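# Close look at the chain arrangement
For reference, the chains in residue letters:
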Amino acid sequence: MLNSDDRDAIADAVREAERQTSGEIVVVVDRAAGSYVAVPLVLALALSLFVPWPFLLLTTLSAASIFLTQLIAAALLLATLLWYGRGGRFVPGFVKRRQAHETALREFTARGLTLTRGRTGVLLYIAVQERYAEVVADAGISGKVDGEAWARIVEPLLEAAAQDALREGLIAAVRDVGTVLAAHAPPAADDVDELPNKVVIL
């Protein structure tokens, strides 16, 4: 997804963007915000409940034979649905977006963005499998920047990710976040780099 050169280039973009602001930028790239294994499992078990009925109605097989057939069918259904449903194919888009949003909020707290001086931390989060990206800003920035400004940054990032240009999309998004931060949180004379600039891969 991102090799070491890509990660270094994005970290350099973060470092450069933070030179023009007292804000802190953290980039988190999530391969998948959720595994969604429960959905194929429930589908396989539900479908396997219908397996015994044709045998009960049309054959004279014993209960043990029908039960064994049902177990085999359940295993085959589960294997097939897990393969076909990988990446959350059976999961509605709004569920995947909610999962990714919740993960972004957890990462925002986990990465120390609520602890920066001036509360000017910003998380740039993308969940590749869910095709979801979000900018989460702390209290010192969120009240000054409307959602449309972040949406204008997120949309090109998602387009770049869809075209296998994640590195370029993230670098451009980091620069744009830096520009927004510079307008609302200019650098202070005693400003220090409070958080690591490296890309976090989940």
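Described in the following lines is the structure provided in the data block. (Residues numbered from 1 in each chain as written. Predicted model: local features only at pLDDT ≥ 70, side-chain atom pairs only at ≥ 80, totals over all residues. Heavy atoms only, no water.)

## Notes on the pairing of strand β3 (residues 132–137)
- β3 sits mainly inside the fold: six of its six residues count as buried.
- Burial along β3 is two-sided: Y132, E134 and V136 facing one way and A133, V135 and A137 facing the other are all buried.
- Pairing between strand β2 (residues 121–127) and β3: six bridges, direction antiparallel. Among the inter-strand pairings, A127 is bridged to a residue of β3, identified as Y132. (Buried < 20%, exposed > 50% of the residue type's maximum accessible area, 1.4 Å probe, protein only. Helix = DSSP H or I, 4+ residues; strand = E, 2+ residues; numbered from the N terminus. Pairing = 2+ DSSP bridges.)

## Observations concerning the layout of surface pockets
- In this structure, the largest pocket occupies an estimated 350 Å³ of space.
- As for the largest pocket, its lining consists of 18 residues, and the residues nearest its centre are V128, R131, A161, A162 and D164.
- Taken together, the elements giving at least two residues each to the lining of the largest pocket come down to β2, α7 (147–162) and α8 (166–184).
- In terms of residue class, the lining of the largest pocket is made up of eleven nonpolar, two polar and five charged. (1 Å grid on protein atoms, 1.4 Å probe; cavity = no way out; pocket = protein on both sides within 12 Å on 5 of 7 lines; lining within 4 Å. Points joined across faces, edges and corners; volume = space filled by probe spheres on them. Nonpolar A, V, L, I, M, F, W, Y, C, P; charged D, E, K, R; others polar.)

## Brief notes about the pattern of salt bridges
- Under the criterion given, the structure shown has five salt bridges.
- Notably, a salt bridge pairs D6 with R167, separated by 2.9 Å at the nearest N-O pair. Linking D6 in helix α1 (residues 4–18) with R167 in helix α8, this pair joins segments that are 161 residues apart in sequence.
- In this structure D6 comes out as buried when scored by relative accessible area, which is 12%.
- As a salt-bridge pair, E107 and R111 come within 2.8 Å of each other at their nearest N and O atoms. (Salt bridge = Lys/Arg side-chain N within 4 Å of Asp/Glu carboxyl O.)

## Overview of unusual backbone geometry
- Phi is positive for R119, close to 55°, though the residue is something other than glycine.
- With respect to the helices and strands, the residue R119 is situated in the loop between α5 (93–110) and β2.
- The partly exposed category is assigned to R119, whose relative accessible area is 37%.
- In this structure, D164 takes a positive phi of about 60° despite not being glycine.
- Note that D164 resides in the loop between α7 and α8.

## Quick notes on the packing of helix α2 (residues 38–48) against helix α4 (residues 63–84)
- Where α2 meets α4, the axes come as close as 8 Å, and the angle between the chain directions of the two elements is 150°. What the angle tells us is that α2 and α4 run roughly antiparallel. Crossing hand, α2 versus α4: right-handed. Contact residues: P40, L41, L43, A44, L47 and S48 in α2; Q70, A74, L77, L78, L81 and L82 in α4. (Axes fitted to C-alpha atoms, helices over the stretch in contact; angles between N-to-C directions. Parallel < 35°, antiparallel > 145°, perpendicular 65-115°, else oblique. Left-handed = near helix turned anticlockwise from the far one by under 90°. Contact = heavy atoms within 4.5 Å.)

## With respect to α1
- The end-to-end C-alpha distance of α1 is 21 Å, a good match for the 21 Å that 15 residues give at a rise of 1.5 Å each.
- Where α1 is concerned, the buried positions are D6, A9, I10, A11, A13, V14, A17 and E18.
- If you follow the buried residues of α1, they end up packed against β1 (24–30) and α8.
- Sitting at the amino-terminal end of α1 is N3, which places a side-chain oxygen 3.0 Å from the backbone nitrogen of D5. (Expected span 1.5 Å × (residues − 1). Polar contact = N/O pair within 3.5 Å; in protein donor to acceptor, adjacent residues only side chain to side chain.)

## What about the side chain of Q70?
- Take Q70: it is sitting in helix α4.
- A polar contact is formed between the side chain of Q70 and the backbone oxygen of S48, at a distance of 3.0 Å.
- Beyond its immediate sequence surroundings of up to four residues, Q70 is in contact with S48, L49, V51 and P52.

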